[in-house]
Amino acid sequence: VQLQASGGGLVQAGGSLRLSCAASGRTFGRYTVAWFRQAPGKEREFVAAFFRGGYNPYYADSVKGRFTISRDNAKNTVYLQMNDLKPEDTAVYLCAADGGLIMSSMTLSQQYDYWGQGTQVTVSS
């Protein structure tokens, strides 16, 4: 499966952005689809996910209440709506997918087989 992330940009603190992750090659189906982010000099960090095609979202504590992950199966696309953005949200945001994860591995970036190219989000103070 090929993933294409888009929607990043420069926004002031308190602003909003919506990221998109479009899949091609096959449908998301029963895949776990996740958003990660990586800031300069930091490790890749889990942000949000749908586990194995389900509709219950999972979020990192740092984004709960501000970010919303959603999906459009007809478009084979997963979105990340980011509200009340903070300077510490600045990072490259990447979408990832994998067909064989177990729940305990969902937040571990090294467990994902498929990655998009990333989109830069910069939040100014």
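Summarised in this report is the structure supplied together with it. Keep in mind that this is a model prediction, so the values were computed, not measured. (Residues numbered from 1 in each chain as written. Predicted model: local features only at pLDDT ≥ 70, side-chain atom pairs only at ≥ 80, totals over all residues. Heavy atoms only, no water.)

1. Quick look at the overall build of the chain
Scanning the chain from terminus to terminus reveals zero helices and eleven strands. The linear arrangement of helices and strands in the chain, starting from the amino end, is β-β-β-β-β-β-β-β-β-β-β. Taken over the C-alpha trace, the chain has a radius of gyration of 13 Å; the compact-globule value for 125 residues is 14 Å, and the two agree within 12%. With the principal axes as the frame, the chain shows a C-alpha extent of 40 × 30 × 25 Å. Put simply, the chain has 125 residues, and 46% of those count as buried. Long-range pairs, those at least 24 residues apart, make up 56% of the contacts in the chain with a sequence separation of at least 6. Entry remark: accessible area of the chain is about 6,300 Å², with carbon and sulfur atoms responsible for 47%. (Helix = DSSP H or I, 4+ residues; strand = E, 2+ residues; numbered from the N terminus. Rg over C-alpha atoms; globule rule 2.2 N^0.38 Å. Buried < 20%, exposed > 50% of the residue type's maximum accessible area, 1.4 Å probe, protein only. Contact = heavy atoms within 4.5 Å. Areas by Shrake-Rupley, 256 points an atom, 1.4 Å probe, with all protein chains shown as cover.)

2. Considerations on the pairing of strand β11 (residues 119-124)
The alternating pattern of β11 places Thr119, Val121 and Val123 on a buried face and Gln120, Thr122 and Ser124 on a face that is not buried. Pairing of strand β2 (residues 9-12) with β11, which is carried by four bridges, proceeds in the parallel orientation. Looking at β11, one finds that Gly9 is bridged to Val121. Inspection of the sheet shows strand β9 (residues 91-98) paired to β11 by three bridges, in the antiparallel sense. (Pairing = 2+ DSSP bridges.)

3. Looking at the packing of aromatic side chains
Overall, the coordinates contain five aromatic pairs when judged by the stated rule. An angle of 75° between the planes, with centres 5.7 Å apart, marks the rings of Phe36 and Phe46 as edge-to-face. Of this pair, Phe36 sits in strand β4 (residues 32-38) while Phe46 sits in strand β5 (residues 45-50); the two residues are ten residues apart in sequence, bridging distant segments of the chain. We classify Phe36 as buried; its relative accessible area is 0%. Residues Tyr112 and Trp115 carry aromatic rings whose centres are separated by 6.1 Å and whose planes lie at 65° to one another, so their mutual orientation is edge-to-face. With relative accessibility at 4%, the residue Tyr112 sits in the buried group. For Trp115, a relative accessible area of 26% gives the class partly exposed. Counting every residue linked through ring pairs, the aromatic cluster contains Phe36, Phe46, Tyr112 and Trp115. (Phe/Tyr/Trp six-rings, centres within 6.5 Å; stacked < 30°, edge-to-face > 60°.)

4. With respect to the environment of Thr27
Within the fold, Thr27 resides in the loop between β3 (17-24) and β4. In this structure the C-alpha to C-alpha distance between Thr27 and Val1, which are 26 residues apart in sequence, comes to 7.8 Å.

5. Let's talk about the pairing of β5
The buried fraction of β5 is high, at five of six residues. Where β4 meets β5, five bridges bridge the pair, whose relative direction is antiparallel. Considered in β5, the bridge of Trp35 is made with Ala48. One ladder, built from three bridges, connects β5 with strand β6 (residues 57-59); its direction is antiparallel.

6. Points about the pattern of salt bridges
In this structure the tally under the stated criterion is four salt bridges. With its nearest N and O atoms 2.8 Å apart, the salt bridge here joins Arg37 to Glu45. Judged by its relative accessible area of 32%, Glu45 falls in the partly exposed class. (Salt bridge = Lys/Arg side-chain N within 4 Å of Asp/Glu carboxyl O.)

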